Amino acid sequence: MQSQVSKPLLVYDNDCDFCRYWIARWRHITKDRIDYAPYQEVAPQFPEIPLSAFQSSVQFILENGQVFSGAVAVLRALNNRFLLWCYYTLPGFAPLSEAIYHFVAKHRPFFSKVTRWIWKNN
C-alpha cells in the first residue's frame, strides 16, 4: 500500500543547487496548490519509492498515492496542460522529454551554472 498525502507533493533533492533553484521558482507558479519537500526529510514516509528514485529525479506524489517521476512529474506539478497533452499524445515527445530530463539530471552542476547565468542570479 502506498503512503498518502493530503495534497500533491513534489519531492526533490535538497543537496542539489539546481533543484533548489528551480523549486523556488516553481513555488511562485504553483502557489499553495502543491507541497514541496526534500527527499532527505520525507523519503522514510514513502518506503514504496526506492531511495535511488529520489536521488535520480523528482517524485510527484498525488493524494491517491500515484507517483510520477522525471519530466512528467514536473509537467504535472506545474499543471502545464499543453505540454502534458504533447507528452501523452505526440509520438516521441514523452521519451524525448524524459531523455532531456535525465541528461540534465546527470549534469546538474553544469546546468545550475547555466541557469544562474541565464537568469543572472548568484
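Residues numbered from 1 in each chain as written. Predicted model: local features only at pLDDT ≥ 70, side-chain atom pairs only at ≥ 80, totals over all residues. Heavy atoms only, no water.

### A look at the packing of aromatic side chains
Next, step 1: Tallied over the entire structure, the rule returns 7 aromatic pairs.
Next, step 2: A ring pair is formed by Tyr 39 and Phe 54, whose centres lie 6.0 Å apart and whose planes are at 10 degrees; its orientation type is stacked. With Tyr 39 in helix H2 (residues 39-42) and Phe 54 in helix H3 (residues 51-56), this pair connects stretches of sequence that are 15 residues apart. The same class applies to Tyr 39 as to Phe 54, namely buried.
Next, step 3: Aromatic side chains Phe 110 and Phe 111 sit 5.1 Å apart centroid to centroid with 80 degrees between the ring planes, which places their arrangement in the edge-to-face category.
Next, step 4: Chaining the aromatic ring pairs together yields one cluster made of Phe 18, Tyr 21, Trp 22 and Trp 26. (Phe/Tyr/Trp six-rings, centres within 6.5 Å; stacked < 30°, edge-to-face > 60°. Helix = DSSP H or I, 4+ residues; strand = E, 2+ residues; numbered from the N terminus. Buried < 20%, exposed > 50% of the residue type's maximum accessible area, 1.4 Å probe, protein only.)

### Looking at the pairing of strand E2 (residues 35-38)
Next, step 1: Where strand E1 (residues 9-12) meets E2, 4 bridges bridge the pair, whose relative direction is parallel. Counted as the bridge partner of Val 11 is Ala 37 from E2. (Pairing = 2+ DSSP bridges.)

### A look at the layout of surface pockets
Next, step 1: Reported here for the largest pocket is a volume of approximately 610 Å³.
Next, step 2: Along the walls of the largest pocket sit 27 residues, with Phe 18, Trp 26, Val 74, Tyr 101 and Val 104 positioned nearest its centre.
Next, step 3: Where the lining of the largest pocket is concerned, the elements lending two or more residues are helix H1 (17-30), H3, helix H4 (71-78), helix H6 (93-106) and helix H7 (108-119).
Next, step 4: Ranked by residue count, the leading element in the lining of the largest pocket is H1, at 7 residues.
Next, step 5: Class assignment of the residues belonging to the lining of the largest pocket gives a composition of 19 nonpolar, 5 polar and 3 charged. (1 Å grid on protein atoms, 1.4 Å probe; cavity = no way out; pocket = protein on both sides within 12 Å on 5 of 7 lines; lining within 4 Å. Points joined across faces, edges and corners; volume = space filled by probe spheres on them. Nonpolar A, V, L, I, M, F, W, Y, C, P; charged D, E, K, R; others polar.)

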